[in-house]
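# Results of the structural survey
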Amino acid sequence: MPALKIGVIGTGSISSMHLQSYDKNPDARLVAVCDLNEERAGSAAGKYGAELVYTDYRELLANPDIDAVSICTWNNTHAEIAIAALEAGKHVLVEKPLCRTVEEALRVQEAVRSTGRTLQVGFVRRYDPNAQLLRAFADRGEFGEIYYAKASSIRRLGNPGGWFSDIERSGGGPLIDIGVHVIDLCWYMMGLPKPVSVSANTYRKLGNRSNVRNLSFYKAADYNADLNTVEDMANALIRFENGASLLVDVSFTLHAKEDLTSVKLYGDKGGFEIDPEVAIVTEKHDTILNVKPQTDHKGFDFNAAFQAEIDHFVSSVRNGTKPISPVEDGVEIMKILCGVYESAALGAEVRL
Ligand SMILES: NC(=O)c1ccc[n+]([C@@H]2O[C@H](COP(=O)([O-])OP(=O)(O)OC[C@H]3O[C@@H](n4cnc5c(N)ncnc54)[C@H](O)[C@@H]3O)[C@@H](O)[C@H]2O)c1
């Protein structure tokens, strides 16, 4: 079978993880890149050996030589580009979040259905080796029924500015940007129960704190601190049809002592932690055991997870199999994220 011919749309910060992972996959060949910023696209093409450079994604999609695309652009363009790509016959790997609204998500889902092409959502945390290991344990009943999950993704200082802090282009702040990762990871580990309600709060108290000195943080490729129309932090309680619940808090900025990513799940036979370090908690012979799985990385392995995500996309397309993070999951996660914003605006619980 010939190598899958790839185009990468959006060549800002995260695209390098896609580009380097395609480069290492023998069944994929990078053919084209595209960015509104021609110089940025040109330098990615030079570094990773793409023959074609575009500044208009429509021209890239019109090239019949390209089989599949990665979409690594601003969130407001994900739905539009994904639908256009599917309709042009391409398979799609779209960065998280799938898009900005449930309505957009349903339109993408409909395009996947009508074209029969593969779409994988870039829920990269699912592809981490430790996450896959724990999911396999969960599938074998190791933790029993998982009824409670608790996740935090706290940056004390880390509003990336630029499009990330422009609600029109991002669709939201830390919830939609980093909260999406830990919410999806918990939901995936819980076995994808149907979400039924959300009670949430969002706060805009501190601004982006671009005044702070001597501490560096993740910034958009076109960093600009002038515009900030997104929340500083959000917290939420998400209820599922099976009675399970997920408690989550996230921030771009908060008067916290340090940054913290923490993901913990609890079942009736055992519990486990994914972040900051993998751990399993269980009971044997009337004794509580804290078990430390021996794996290459104690925590999230960014490079390995991206490589596994790209490898999975390439093999799903080539074999015609459904990815483990399909469009349907992207739609459900958009319902949760939008439910959080809706509940916070109402000051009341919302039914999904
Ligand atoms: N999976 C992860 O861990 C992870 C991490 C960071 C970002 N992301 C996601 O990746 C996407 C990009 O984020 P980033 O940090 O790389 O942002 P970025 O600002 O660094 O890069 C985005 C690039 O997209 C280009 N772009 C925007 N609209 C375009 C269009 N219509 N056509 C062509 N190019 C266009 C911009 O010019 C820019 O170069 C976002 O959806 C973000 O949520 C995922």
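What counts, and at which threshold
Every chain's residues receive numbers from 1 upward, in the order its sequence appears when written. Only residues with pLDDT of at least 70 get local features here, since the model is predicted, and only at 80 or more are side-chain atom pairs given and counted; chain-wide, interface and lining totals rely on the full set of residues. UniProt positions are given in the numbering used here, feature names are shortened, and annotations may be inferred rather than shown by experiment. Numbering of helices and strands starts at the N terminus; helices are DSSP runs of H or I of at least 4 residues and strands are runs of E of at least 2. Here the C-beta atoms are placed from the backbone, and a residue counts as buried if at least 20 other C-beta atoms lie within 10 Å of its own, exposed if 12 or fewer do, and partly exposed otherwise. Contacts are defined on C-beta atoms placed from the backbone: any two residues whose C-beta positions lie within 7 Å are in contact. Segmentation into domains, and thus their bounds, comes from an automatic or database assignment. When residues are grouped by polarity, Ala, Val, Leu, Ile, Met, Phe, Trp, Tyr, Cys and Pro land in nonpolar, Asp, Glu, Lys and Arg in charged, and all others, Gly among them, in polar. Two strands form a pair only when DSSP identifies at least two bridges running between them. All axes here are fitted lines through C-alpha atoms, helices being fitted over the stretch that makes contact, and every angle between N-to-C directions spans 0 to 180 degrees. Note on definitions: a residue is near a molecule or strand provided its C-beta atom, placed from the backbone, lies within 6 Å of it. An angle below 35 degrees is treated as roughly parallel, one above 145 as roughly antiparallel, one from 65 to 115 as roughly perpendicular, and anything else as oblique.

The protein is annotated in an unreviewed UniProt entry as Gfo/Idh/MocA family protein of Paenibacillus thailandensis. Taken verbatim from the UniProt record of the protein, the Sequence similarities (unreviewed entry) comment is "Belongs to the Gfo/Idh/MocA family."

Locating tyrosine 341 in the fold gives a position in helix H10 (residues 327-346). Assessed through the 23 C-beta atoms surrounding it within 10 Å, tyrosine 341 is described here as buried. Once the C-alpha coordinates of tyrosine 341 and alanine 138 are considered, the two residues, 203 residues apart in sequence, prove to be 30 Å apart. Among all residues touching tyrosine 341, those that are not within four sequence positions of it are Gly172 and Thr202.

The positions that UniProt labels "domain: Gfo/Idh/MocA-like oxidoreductase C-terminal" (unreviewed entry) are, in the present scheme, residues 140-351. Helix makes up 27% of residues 140-351 and strand 28%, and the two end C-alpha atoms of the span are 32 Å apart.

This part is about the domain arrangement of the protein. One frequently used descriptor of interface size is the decrease in accessible area upon assembly of the parts. Here the protein is described as being made up of domain 1 (4-123 + 306-325) and domain 2 (126-301 + 333-351). Inter-centroid distance (C-alpha atoms) of domain 1 to domain 2 is 25 Å. Counting residues at the interface gives 20 residues for domain 1 and 17 residues for domain 2. For the side of domain 1 that touches domain 2, the secondary structure elements donating two or more residues are helix H4 (75-87), helix H5 (102-115) and helix H9 (302-319). Examining the composition of the side of domain 1 that touches domain 2, we find that three residues originate from one element, H9, more than from any other. Within the side of domain 1 that touches domain 2, the residues separate by chemical class into nine nonpolar, seven polar and four charged.

Read from one edge of the open sheet, nine strands run E14-E13-E12-E11-E7-E10-E9-E8-E15, paired in mixed fashion. Either end of the sheet is taken by a strand with one partner, and the two such strands are strand E14 (287-291) and strand E15 (350-351). Alignment of strand E13 (residues 279-284) against E14, held across five bridges, turns out to be antiparallel. By the bridge assignment, glutamate 283 is partnered in E14 with isoleucine 288.

Attention now moves to the sheet that holds strand E3 (residues 52-54). In space, the six strands of this open sheet follow the order E3-E2-E1-E4-E5-E6, with parallel pairing throughout. Here the strands that pair on one side only, and so sit at the sheet edges, are E3 and strand E6 (119-122). Averaged over all neighbouring strand pairs, the angle between strand axes comes to 25°, with direction disregarded. In the sheet, strand E1 (residues 4-9) pairs with strand E4 (residues 68-71) via four bridges, with the strands oriented parallel. Bridging across to E4, isoleucine 6 finds its partner in alanine 68.

Turning our attention to the environment of valine 263. Here valine 263 lies in strand E11 (residues 260-267). The class of valine 263 is buried, set by 25 C-beta atoms lying within 10 Å. Between the alpha carbons of valine 263 and leucine 185 there is a distance of 8.3 Å; along the sequence they are 78 residues apart. Ignoring anything within four residues of it in the chain, the contact list for valine 263 reads Ala151, Val182, Leu185, Cys186, Glu273, Ile274 and Asp275.

What follows is about the site of the ligand. Gly10, Gly12, Ser13, Glu95 and Ala221 are the nearest of the 28 residues found near the ligand. Among the residues making up the shell around the ligand, the classes are represented as 11 nonpolar, 11 polar and six charged. A domain split of the shell around the ligand shows at least three residues from each of domain 1 (4-123 + 306-325) and domain 2 (126-301 + 333-351).

Turning next to the packing of H4 against H5. A packed helix pair is summarised by two numbers, namely the angle formed by the two axes and the spacing between the axes. Taken N-terminus to C-terminus, the directions of H4 and H5 make an angle of 10°; their axes are 9 Å apart at the nearest point. With respect to H5, the axis of H4 lies roughly parallel. Two secondary-structure elements touch here, H4 through Ala79, Ala82, Ile83, Leu86 and Glu87 and H5 through Glu104, Arg107, Val108, Ala111, Val112 and Thr115.

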